[in-house]
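Descriptive structure summary
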Amino acid sequence: MPQYLTLLLDCPVVIAAIFITGIGGTFQYGFCVSVMTSPSAFIQELMNTTCLQRYRVSLQKWQVSLMWSFTVSIFCIGGLLGSLVAGSLISKFGRKKCLLLNNFVAIIGAVLMLLSQTAMSFEMIIAGRFLYGINSGVSLSAHTVYLTECAPKRLRGMVGVTIATFISLGKFCGQLLGISELLGTEERWPWLLGFNGFTALVQLLTLPFLPESPRFLLLDRGDRQSCEKALKRLWGNKDYSREVEEMLEEKTALQSIRSHSVMELIQNQRVRWQLLTIIVTFTTLQLCGINAVYFYSFDVFRAAGIQEHQLRYAALGTGLCELSTSVTCFMIIESTGKKVLLFRGYMGMSATLVLLTITLYLQSQLSWMPYCSMVLVFIFIFFFSSGPAGVTAPLPGDMFNQSFKSAAYTIACTLNWAGLFVLGMLFPILVEKLDYFCFLIFLFFCAICGLYVRFNVPETKNRTALEIAEEFKKMHCKSGKSQQKRSSEQTHDSITTYGTKL
């Protein structure tokens, strides 16, 4: 661990890139996910007041709830749209320029949020949420690709974890700024919703000082001189001819191959195991039950005796737990490996979900059981943040070469947004019908993903995309050959038996 931290400290520009891309990248996504909880009552009141003044109609409770659900969910629609166009934007404009242009979308959305209360227009909030979704959809891909391509190969796993760390930081800041002592009041909530514009402005002013991705400059633009210059700025003034040669080997291998579309990636048999891995891990990331655990945490805290007005501060503890565990994952990933963290994380989450279902069932029968449930909530968040949350996001960049990378990130982000949208629509129904037994559904996804990673995915630490592809090939060709060998042995035995009987 100390040697990897020393290597990172020797690359101060990479450290600057982590913070600059993070604050205007995945931080936006995390902030938007958590920020709507605090001002929900004020926004619903604005909806009712606007309709009363404009149309002389007082909305019923179900109508307000429907409009509120649409306002929250349109963020996912914008995110899905952003993720679909992100691949082409990253390839056309480059990683750095794509991030820069994406900040203007967030700033326009922030202006709409700030003016919504003055203009008495809830439609401006809906439009702002949609623009925030587009911004988050693009930044999830662009931030991940840029950062993993700027990091040295030995530090790629450690740097990749910071992508999830900034999501956790965004969630925590959304919870923290939303308390009544800060921006969670009737007068200041537009500033809370407009905070994304401030972080976008910070990135807009600082990102121009960073170099473009070296891999993009060499493999997409064919500019070796600019690539070497960018490497020296990022990693220090040394000779990086070996790293450049590795990238050129990949370019030579892919010289006759253009960037593939999503459909071509799906149809390509050579990368089917990499694609299946992305589908399994990114689907499970949203369906692992983390949102359900956050939802039930308020009921658990109430049962443990925490007062109603203090629940928000207790929720801050869950956000802080996720953030601190993500930082811990950043410290250990290079020494542990991504495969191990994924497997342990999902298996730990599966066991915790079983125990949490039992404790919630017994909560009304035993007075001390709510405290067990409260501990299990934090244990579940620990396993999620120390493995799946930090490891999943960089996987497409690790497993696919340059020609498939944009399409792979498009598929991954589409699965992420579609899963978030479906969960948002179905989760209230699941809770109503199944109550805390809904955890058993999430247990299925966690267990399946954990076992899939254990038996079908190689370790990606300190390996290029071509080396990982070879490991996939060895792993699955070996199983295929062993099956073929077993079947030939069975055939031979049957022939021998037949000959003996004859």
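First, a word on what this report is: a plain description of the structure on this page. These numbers were taken from a predicted model, which means no experiment stands behind them.

With that settled, consider the overall build of the protein. The helix and strand inventory of the protein stands at 24 helices and 0 strands. Compactness check: the protein gives a C-alpha radius of gyration of 25 Å against a globular reference of 23 Å for 502 residues, within 12% of the reference. Principal axes of the C-alpha set define a box for the protein whose edges measure 90 × 70 × 45 Å. Counting only residues that meet the buried cut, the protein has 53% of its 502 residues in that class. For the protein, the accessible surface area stands at approximately 22,800 Å², while carbon and sulfur atoms represent 65% of it.

The subject of this paragraph is helix H10 (residues 195–206). Residues lying three or four places apart along an α-helix face the same way, a consequence of the helix completing one turn every 3.6 residues. Compared with an ideal rise of 1.5 Å per residue, which puts 12 residues at 16 Å, H10 spans 17 Å between its outermost C-alpha atoms and is within 8% of the ideal. Buried within H10 we find Asn196, Gly197, Thr199, Ala200, Gln203 and Leu204. For H10, the angular spread of the buried residues around the axis is 165°, confining them to a single face. On its buried face, H10 sits against helix H2 (12–23), helix H3 (26–35), helix H6 (95–119), helix H7 (122–150) and helix H9 (189–193).

Here we come to the layout of surface pockets. The calculated volume of the second largest pocket comes to roughly 770 Å³. Along its surface, the second largest pocket is lined by 32 residues, and Pro152, Lys153, Arg156, Trp235 and Glu243 are the ones closest to its centre. Where the lining of the second largest pocket is concerned, the elements lending two or more residues are H7, helix H11 (214–220), helix H12 (224–235), helix H13 (241–253), helix H21 (395–399) and helix H24 (465–501). Ranked by residues supplied to the lining of the second largest pocket, first place goes to H13 with 6 residues. Considered class by class, the residues forming the lining of the second largest pocket number 13 nonpolar, 3 polar and 16 charged.

Counted under the stated rule, the structure contains 8 salt bridges. For Glu246, the salt bridge goes to Lys153, with nearest N and O atoms at 3.7 Å. Of this pair, Glu246 sits in helix H13 while Lys153 sits in the loop between H7 and helix H8 (156–177); the two residues are 93 residues apart in sequence, bridging distant segments of the chain. With its nearest N and O atoms 3.3 Å apart, the salt bridge here joins Lys171 to Glu322. Placement of Lys171 in helix H8 and of Glu322 in helix H17 (residues 311–336) is noted, with a sequence separation of 151 residues between them.

As a packed pair, H3 and H10 sit with axes 10 Å apart at the nearest point and diverge in direction by 175°. Our classification of the angle between H3 and H10 gives roughly antiparallel. Contacts between H3 and H10 involve Phe27, Gln28, Phe31 and Cys32 from the former and Phe195, Asn196, Thr199 and Ala200 from the latter. Taken together, the residues of the contact of H3 with H10 sort by class into 5 nonpolar, 3 polar and no charged.

Quick look at the side chain of Gln363 now. As for its placement among the helices and strands, Gln363 is situated in the loop between helix H18 (338–361) and helix H19 (369–386). A distance of 3.4 Å separates the side chain of Gln363 from the side chain of Ser373, its partner in a polar contact.

The next thing to look at is the packing of aromatic side chains. In this structure the tally under the stated criterion is 12 aromatic pairs. Grouped by ring-pair contacts, the aromatic residues Phe27, Phe31, Phe195 and Phe198 constitute a single cluster. Cation over ring: Arg454 sits above Phe455, and NZ or CZ is 5.1 Å from the ring centre.

For Arg56, which is not glycine, the phi dihedral falls at a positive 60°. Inspection of the secondary structure assignment puts Arg56 in the loop between helix H4 (40–55) and helix H5 (61–93). A relative accessible area of 73% means that Arg56 is categorised as exposed. One non-glycine residue, Met120, lies in the positive phi region at around 50°.

Here we take up empty space enclosed by the protein. By the definition in use, this model includes 4 cavities of 30 Å³ or more. Lining the largest cavity are 25 residues, with Tyr29, Ile167, Leu285, Gln286 and Asn416 sitting closest to its centre. Listed by contribution, the elements that provide at least two residues to the lining of the largest cavity are H3, H7, H8, helix H15 (272–286), helix H16 (290–303) and helix H22 (402–434). Across the lining of the largest cavity, the residue classes tally to 16 nonpolar, 7 polar and 2 charged.

Looking at the element boundaries, Thr71 is found in helix H5. Within the structure, Thr71 has its side chain in polar contact with the backbone oxygen of Met67 (distance 2.8 Å). The residues touching Thr71, leaving out its near neighbours within four places in the chain, are Met36, Met47, Ile125, Ile126 and Arg129.

In the contact formed by H15 and helix H23 (residues 439–456), the axes pass within 10 Å of each other and the chain directions differ by 150°. Judged on the interaxial angle alone, H23 and H15 are roughly antiparallel. In this structure, H15 crosses over H23, and the sense of that crossing is left-handed. For the pair H15 and H23, contact is made by Trp273, Leu276, Thr277, Val280, Thr281 and Thr284 and by Phe445, Cys446, Cys449, Tyr452, Val453 and Asn456, respectively. Across the contact of H15 with H23, the residue classes tally to 8 nonpolar, 4 polar and no charged.

A contiguous nonpolar patch, built from Ile77, Phe421, Val422, Met425, Leu426 and Ile429 and spanning about 500 Å² of accessible area, is present on the exposed surface. Per element, the largest residue contribution to the nonpolar patch is 5 residues, and it comes from H22. Inspection of the secondary structure puts Val422 in helix H22. The exposure class of Val422 is partly exposed, given its relative accessible area of 42%.

Attention now moves to the environment of Thr162. When you line up the elements, Thr162 lands in helix H8. Judged by its relative accessible area of 6%, Thr162 falls in the buried class. Taking the C-alpha atoms as reference, Thr162 lies 30 Å from Ile126; in sequence the two are 36 residues apart.

Rules used in this analysis
- Residues numbered from 1 in each chain as written.
- Predicted model: local features only at pLDDT ≥ 70, side-chain atom pairs only at ≥ 80, totals over all residues.
- Heavy atoms only, no water.
- Helix = DSSP H or I, 4+ residues; strand = E, 2+ residues; numbered from the N terminus.
- Rg over C-alpha atoms; globule rule 2.2 N^0.38 Å.
- Buried < 20%, exposed > 50% of the residue type's maximum accessible area, 1.4 Å probe, protein only.
- Areas by Shrake-Rupley, 256 points an atom, 1.4 Å probe, with all protein chains shown as cover.
- Expected span 1.5 Å × (residues − 1).
- Arc of directions from axis to C-beta.
- Contact = heavy atoms within 4.5 Å.
- 1 Å grid on protein atoms, 1.4 Å probe; cavity = no way out; pocket = protein on both sides within 12 Å on 5 of 7 lines; lining within 4 Å.
- Points joined across faces, edges and corners; volume = space filled by probe spheres on them.
- Nonpolar A, V, L, I, M, F, W, Y, C, P; charged D, E, K, R; others polar.
- Salt bridge = Lys/Arg side-chain N within 4 Å of Asp/Glu carboxyl O.
- Axes fitted to C-alpha atoms, helices over the stretch in contact; angles between N-to-C directions.
- Parallel < 35°, antiparallel > 145°, perpendicular 65-115°, else oblique.
- Polar contact = N/O pair within 3.5 Å; in protein donor to acceptor, adjacent residues only side chain to side chain.
- Phe/Tyr/Trp six-rings, centres within 6.5 Å; stacked < 30°, edge-to-face > 60°.
- Lys NZ or Arg CZ within 6 Å of the ring centre and 35° of its normal.
- Left-handed = near helix turned anticlockwise from the far one by under 90°.
- Patch = residues over 30% accessible without salt bridge, like charges linked within 9 Å, V, L, I, M, F, W, Y side chains within 5 Å.

Any functional reading would require information beyond the geometric quantities listed.
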